[in-house]
There are 2 protein chains.
Amino acid sequence: MSKYWSNIVKKISPYVPGEQPKDRKYIKLNTNENPYQPSQKALKAISKVANESLRLYPDPTCDSLRNTLAEYHGLKASEVFVGNGSDEILAFSFMAFFNPGDTIIFPDITYSFYEVYSSMFCVNYRLIPLDEEFNIPVEEFFTENDGIILANPNAPTGKALPIESIRRILEKNTNKVVIIDEAYVDFGAQTSIELIKEFDNLLVIGTLSKSRALAGLRVGFALGNEQLIEGLDRVKNSINSYTLDRLALVGAEEAIKDHEYFCEIRDKIINTREWVSDKLSALGFKVIESKANFIFISHPKINGKLLFEKLKESNILVRHFNSPRIDNFLRVSIGCDEEMDFFCQKVREIIESLC
Amino acid sequence: MSKYWSNIVKKISPYVPGEQPKDRKYIKLNTNENPYQPSQKALKAISKVANESLRLYPDPTCDSLRNTLAEYHGLKASEVFVGNGSDEILAFSFMAFFNPGDTIIFPDITYSFYEVYSSMFCVNYRLIPLDEEFNIPVEEFFTENDGIILANPNAPTGKALPIESIRRILEKNTNKVVIIDEAYVDFGAQTSIELIKEFDNLLVIGTLSKSRALAGLRVGFALGNEQLIEGLDRVKNSINSYTLDRLALVGAEEAIKDHEYFCEIRDKIINTREWVSDKLSALGFKVIESKANFIFISHPKINGKLLFEKLKESNILVRHFNSPRIDNFLRVSIGCDEEMDFFCQKVREIIESLC
């Protein structure tokens, strides 16, 4: 610890992303990346601007990408914000909509970055315990003066709330911003975007990292009432005028426009998720019903950490969280069919050798 | 203003970048972009990774780029931080090294983002007036318990401090971090990097946007004692695990390695700056001695704002700041020779028509 650090830096425990090991080749099922390549149209558009134009700053207002996202989602461009991945937008949202000392509530089992943002920006947080089956107790989120952040589908469980539950939460909460983090929504959950017209305190956050197969490009977006979007713009323009580079701007735009390819790879992942879930259930696993591009599993006879380690020895990386209530579970990203076949086969071998 | 905005968002006045007009084609001398194309090696490297790999997250620790920068500057990788442009790093530095209520000092005429960061992160600031010739009064920066941020060369004046002045400031200030923003240092000023070994509170910040002709790629870096770098890492990892995309990481690395091309375009810009300065002096302009890729000029007989407007009518964009003490000056980025010939010719015509 340095005497030059600010108090907040001394205090925070930063987020730890999934391993990106360089020692050998793994089947990477640990960071919810898409197993399929990005849209060829997006890749071509990127190559096309890898030229002289990079000497110039990108468009600070990102108008073209905003227009594309607005059209895609049936909104106005002024109802769209874009940023360097949805994490950056989540961080900006904490700065834009909550004061130090405010309270924000979220489930005890959810994306662990929410706790980090709360600490970083001195916002108190209250954890609402999920039930035994990892369901979100909707009524517990009826709170007048606290902010709310919910991942839908939730992570790492993969469980989704229906839009009617989100509506009920919004009806009870009109004094603070309600953030719905839809990073995984495209894999089978219902989006809350249509509620934006009704509720001026709803912010829906999305990303191109998962369903658009562009984790390496860093593009996220937020949708909401134009005053909320203006708040995010004010934060961005007080930190970094240009958070999206020229390559990301064009790549993201083409990826959004390539709807056909998006549907194709999304459907493949959903299909794979379903047969893998069935296969693992048959092997005795508890498989939480997932609407995401990952599954959350535990086996009655094998310790989660041990299974994680055995899989790593077999060159398969999955995610294990050393956290209360879920330390016997593994989060497994859905890869392509060949990868998941290999995964299921290895899991079967490990079970047979240990049980 | 929205009732959902945080107090800070209600209060701040965000930074306004130079115009990026889309209405017609201008000679853009208003945002200090490099007139030459980026390194061909960097462009090739970017095209090469515009492929399947974009489905994967980038390396969150940016090891390869950090190593390259460390080697280039004779430091350890642990003494290097990289980020999404130097603005992001400046914002992170405010969060990492200053508490709300602390004071930071900087000149009254300097990069206007410093004031924005101060407001955004509730750090008090004290302005030290430059002298009549826009020199920085070094002794005024001898202050025990305040942070310091200095652009060297300064912007928008272009004037540089010698390293011995920075050393004197560091000798007097050991309790808080001293940030030297070297965005423009490559165009003829002395870098303070060699002082990092001596002073553990010195943070030197650089960018690839200017001398490397990569404003569109968004890459900046900070160099300093490894505890300062760890502080920046902790802030980054509490906001966004991956601020640099895969394309930016490889492009930046190749640009740094292409030293020969860097020297070539840097020298061209310096040469152009010198003859343009001479030509403008001959036309009666006061030209502040610049060590940057821009010049700061005023004419005794023409109002700065009027000259700005007349140039815009001639399809030349320069920067005019509507600020006390400098509202009669224009900041003119150094373009290629043809652009600057055209600029000088237009300026002469405007002077002749108005005086």
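What you see is a predicted model, and the numbers here were worked out from it, not measured in a lab.

### Let's talk about the interface of chain B and chain A
Then comes step 1: Across the contact, 84 residues belong to chain B and 84 residues belong to chain A.
Then comes step 2: Summed over both sides, the interface of chain B with chain A buries roughly 6800 Å², with 54% coming from carbon and sulfur.
Then comes step 3: Viewed at the interface, chain A and chain B are joined by 0 salt bridges.
Then comes step 4: Applying the counting criterion to the chain B and chain A interface returns 42 residue pairs in polar contact (both at pLDDT 80 or more).
Then comes step 5: Going through the elements one at a time, helix 1 (7-11), helix 2 (40-49), helix 4 (85-97), helix 5 (113-120), helix 7 (226-236) and helix 8 (246-257) of chain B are the ones with two or more residues in the side of chain B that touches chain A.
Then comes step 6: Within the side of chain B that touches chain A, the residues separate by chemical class into 42 nonpolar, 24 polar and 18 charged.

### Topic: the domain arrangement of chain A
A common way to express how large an interface is: the accessible area buried when the components associate.
Residue and element names in this part refer to chain A.
Then comes step 1: Here chain A is described as being made up of domain 1 (21-37 + 260-354) and domain 2 (40-257).
Then comes step 2: The interface is formed by 26 residues belonging to domain 1 together with 28 residues belonging to domain 2.
Then comes step 3: Where domain 1 abuts domain 2, roughly 2200 Å² becomes buried across the two surfaces, and 61% of that area is made up of carbon and sulfur atoms.
Then comes step 4: It is Phe262, Lys291 and Arg325 in domain 1 that bury the most area against domain 2; as a group they hold 32% of the surface buried on that side.
Then comes step 5: At the junction of domain 1 with domain 2, the criterion picks out 2 salt bridges.
Then comes step 6: Its salt-bridge partner being Arg325, residue Asp108 comes within 2.8 Å of it at the nearest N-O pair.
Then comes step 7: Counting across the domain 1 and domain 2 interface gives 9 residue pairs in polar contact (both at pLDDT 80 or more).

### Considering helix 8 (residues 246-257) of chain A
Then comes step 1: In a regular helix each residue adds 1.5 Å, so 12 residues correspond to 16 Å; helix 8 of chain A covers 17 Å between its end C-alpha atoms and thus fits that length.
Then comes step 2: Burial in helix 8 of chain A covers these residues: Leu247(A), Ala248(A), Leu249(A), Gly251(A), Ala252(A), Glu253(A), Ala255(A) and Ile256(A).
Then comes step 3: Contact partners of the buried residues in helix 8 of chain A: helix 2 (40-49), helix 3 (63-73) and helix 9 (259-282) of chain A together with helix 2 and helix 8 of chain B.
Then comes step 4: Between the side-chain oxygen of the N-cap and the backbone nitrogen of Leu247(A) there are 3.0 Å, and the N-cap of helix 8 of chain A in question is Asp245(A).

### Some words on the UniProt feature "domain: Aminotransferase class I/classII large" (unreviewed entry) in chain A
Then comes step 1: Here the UniProt feature "domain: Aminotransferase class I/classII large" (unreviewed entry) sits at residues 25-345 of chain A.
Then comes step 2: Between the first and last C-alpha atoms of residues 25-345 of chain A the distance is 18 Å; the span itself is 37% helix and 15% strand.

### Quick word on the side chain of Ser211(A)
All names here are of chain A.
Then comes step 1: Tracing the sequence through the fold places Ser211 in the loop between strand 7 (202-207) and strand 8 (220-224).
Then comes step 2: By relative accessible area, which is 1% here, Ser211 ends up buried.
Then comes step 3: A distance of 2.5 Å separates a polar atom in the side chain of Ser211 from a polar atom in the side chain of Asp186.
Then comes step 4: Setting aside anything within four residues of it in sequence, one finds Ser211 in contact with Asn34, Asp186, Phe187, Phe262 and Ile265.

### A short note on the relation of the copies chain B and chain A
Then comes step 1: For these two chains of identical sequence, chain B goes onto chain A by a turn of 180° and a shift of 0.0 Å along the axis, with RMSD 0.0 Å. Such values leave the two copies arranged in the relation of a two-fold axis. Of every C-alpha in chain B, the one belonging to Ser47(B) sits nearest the axis of rotation, 2.5 Å from it.
Then comes step 2: Most of the interface of chain B is mirrored in chain A: 100% of its interface residues are interface residues there too.

### So, the side chain of Asp181(B)
Residues and elements named next belong to chain B.
Then comes step 1: Among the structural elements, Asp181 can be located in strand 6 (residues 178-181).
Then comes step 2: Of the side chains bearing the opposite charge, Lys210 lies closest to the buried Asp181, which forms no salt bridge; the N-O distance is 9.0 Å.
Then comes step 3: Polar contacts involving the side chain of Asp181 include one to the side chain of Tyr114, which spans 2.6 Å.
Then comes step 4: A polar contact is formed between the side chain of Asp181 and the backbone nitrogen of Ala183, at a distance of 3.3 Å.
Then comes step 5: Beyond its immediate stretch of four places on either side in the chain, Asp181 contacts Leu90, Tyr111, Tyr114, Leu150, Ala151, Asn152 and Ile205.

### Focus: the sheet that holds strand 3 (residues 103-107) of chain A
All names here are of chain A.
Then comes step 1: The mixed open sheet is built from 7 strands, whose spatial order is 2-8-7-6-5-3-4. A single partner strand is all that each edge strand has here, and the edge strands are strand 2 (80-83) and strand 4 (124-128). The mean angle between the axes of side-by-side strands here comes to 20°, regardless of whether they run parallel or antiparallel.
Then comes step 2: Sitting on the sheet, helix 4 (residues 85-97) is in contact with strand 2, strand 3, strand 5 (147-151), strand 6 (178-181), strand 7 and strand 8, with an inclination near 160° to strand 7.

Definitions and limits used
- Residues numbered from 1 in each chain as written.
- Chains lettered and ligands numbered in written order.
- Predicted model: local features only at pLDDT ≥ 70, side-chain atom pairs only at ≥ 80, totals over all residues.
- Heavy atoms only, no water.
- Contact = heavy atoms within 4.5 Å.
- Buried area = accessible area lost by both parts, 1.4 Å probe.
- Salt bridge = Lys/Arg side-chain N within 4 Å of Asp/Glu carboxyl O.
- Polar contact = N/O pair within 3.5 Å; in protein donor to acceptor, adjacent residues only side chain to side chain.
- Helix = DSSP H or I, 4+ residues; strand = E, 2+ residues; numbered from the N terminus.
- Nonpolar A, V, L, I, M, F, W, Y, C, P; charged D, E, K, R; others polar.
- Domains from an automatic or database assignment.
- Expected span 1.5 Å × (residues − 1).
- Buried < 20%, exposed > 50% of the residue type's maximum accessible area, 1.4 Å probe, protein only.
- UniProt positions renumbered as here; feature names shortened; annotations may be inferred.
- Least-squares fit on C-alpha atoms with pLDDT ≥ 70 in both.
- Lys, Arg positive; Asp, Glu negative; His and termini not counted.
- Pairing = 2+ DSSP bridges.
- Axes fitted to C-alpha atoms, helices over the stretch in contact; angles between N-to-C directions.

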